[in-house]
Amino acid sequence: MLILGVETSCDETACAVVRDGREVLSSVVASQERVHAPYGGVVPELAGRAHVEEIDRVVRLALTRAGITKEDIDAVAVGNRPGLIGSLVVGVSAAKALAWALGVPLVGVDHVHAHLFSASLRDAGAEQNEDLRDDSLFPALGLVVSGGHTALYKLLSWTRVERLGGTIDDAMGEAFDKVAAILGLGHPGGVAVDALSQEVGADDRAFVFPVSRLGADSLDFSFSGLKTAVLYAVRGVPQGGTFERDAAGLSHEEKRGVAASFQRAAVRAVLLKLARAAQGNWARTLLVGGGVSANSRLRSELLAFQGAGRVLLPKKAYCVDNAAMIAGLAFHLMGEGRVDDLSLRATPTI
Ligand code: KG4
Ligand code: ZN
């Protein structure tokens, strides 16, 4: 079965073709980074407009790269929740039009749940990993760390997903982006903070930043205290609303010390909650997804994590927003008869 996936929840216009829920024939992601960079963050109105301009081209490219025509498609899947409403509606409208014109089923997919699916995608022609048979994965512990979401899940199957906890303020990727902004590294800055922290000589103990624990049993996250601690370390504690200095006064060595120390604290906070959630050794697999799962330190610490069975990390191309994860998860929803019709709505909240 060939499913065409569409994803426009934030600032990436994406389309993919996936066979039988796993084999990626094509995955096209058009980033709007250059549209939003001058504003230091995603501007919702500009994001929606850019999706409208890009969606046709991206869908055509995904079909061409997959070596198929639209008539070969068996179903159309779309990330219809959660996300920016003005962005979601573009993908949902395009997916509805395609499904209606082709006379094939339409499947609405939860974008955050789909991130958990991304580690099980494989590229067409790549070796089948027998270890990834679905019956060997569950129950699984899930971690999504992205620019908009940071949450833990218990999965009994790809479609039975229970949320265990999540951020009470900033998402992890948002904290990376804000720290990048404080250090003057541009937007989105997660990759830049990662790169600076990996430089030879970067001291991850140069600054002592707080690791949020919240309540003794809490599976929630908080990153705003850490973000403020970084701000004060770089610019001093504001007096009467004015900061003592700006990041321009920092040497390169100091900047990478800030980046590495922040990254250490942020990753520790996540590993702490993972250990709590995994207590009792109930999980056979740890499934991870979202843009921040591309982070080198987080990846190496997750791979060393004991207590939740096998650790499955997505390839870097499938960490960030993509449509292959949408088409992949849709295959399992369809297997349970969970198909939508043209009344499918774009829903901004979870
Ligand atoms: O999953 P995603 O593409 O979008 C959302 O659904 O939010 O995640 C984007 C986030 C951004 O905050 C970006 O800075 C962060 O992922 N990110 C990283 C890295 N690569 C992307 N954060 C830390 N280290 C990275 N290597
Ligand atoms: Zn995402």
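Conventions and cut-offs
Residues numbered from 1 in each chain as written. Chains lettered and ligands numbered in written order. Predicted model: local features only at pLDDT ≥ 70, side-chain atom pairs only at ≥ 80, totals over all residues. Heavy atoms only, no water. Near = heavy atom within 4 Å. Polar contact = N/O pair within 3.5 Å; in protein donor to acceptor, adjacent residues only side chain to side chain. Areas by Shrake-Rupley, 256 points an atom, 1.4 Å probe, with all protein chains shown as cover. Helix = DSSP H or I, 4+ residues; strand = E, 2+ residues; numbered from the N terminus. Buried < 20%, exposed > 50% of the residue type's maximum accessible area, 1.4 Å probe, protein only.

Engineer: Requested: an account of the site of ligand 1, with residues and values cited.
Structural biologist: In the vicinity of ligand 1 there are 18 residues, among which Gly147, Gly148, Asp177, Asp194 and Gly291 approach most closely. Note that an oxygen atom of ligand 1 is positioned 3.0 Å from one of the backbone N or O atoms of Asp321. Taking 560 Å² as the accessible area of ligand 1 by itself, protein coverage stands at 90%. Looking at the shell around ligand 1, the elements with two or more residues in it are α4 (111-117), α5 (172-182) and α6 (190-198).

Engineer: A description of unusual backbone geometry should follow, citing residues and the corresponding values.
Structural biologist: Following Arg81, the chain continues to Pro82 via a peptide bond in cis, the omega torsion being -25°. The omega torsion of the bond from His187 to Pro188 falls at -10°, within 30 degrees of zero and hence cis. If you trace the backbone, Pro188 turns up in the loop between α5 and α6. Backbone geometry at Leu214 places phi at a positive 60°, although glycine is not the residue there. Relative to the elements of secondary structure, Leu214 occurs in the loop between α6 and α7 (224-235). Positive phi outside glycine occurs at Asn281, with the angle close to 50°. The residue Asn281 is located in the loop between α8 (252-277) and β10 (285-289) in this model. The class of Asn281 is exposed, set by a relative accessible area of 60%.

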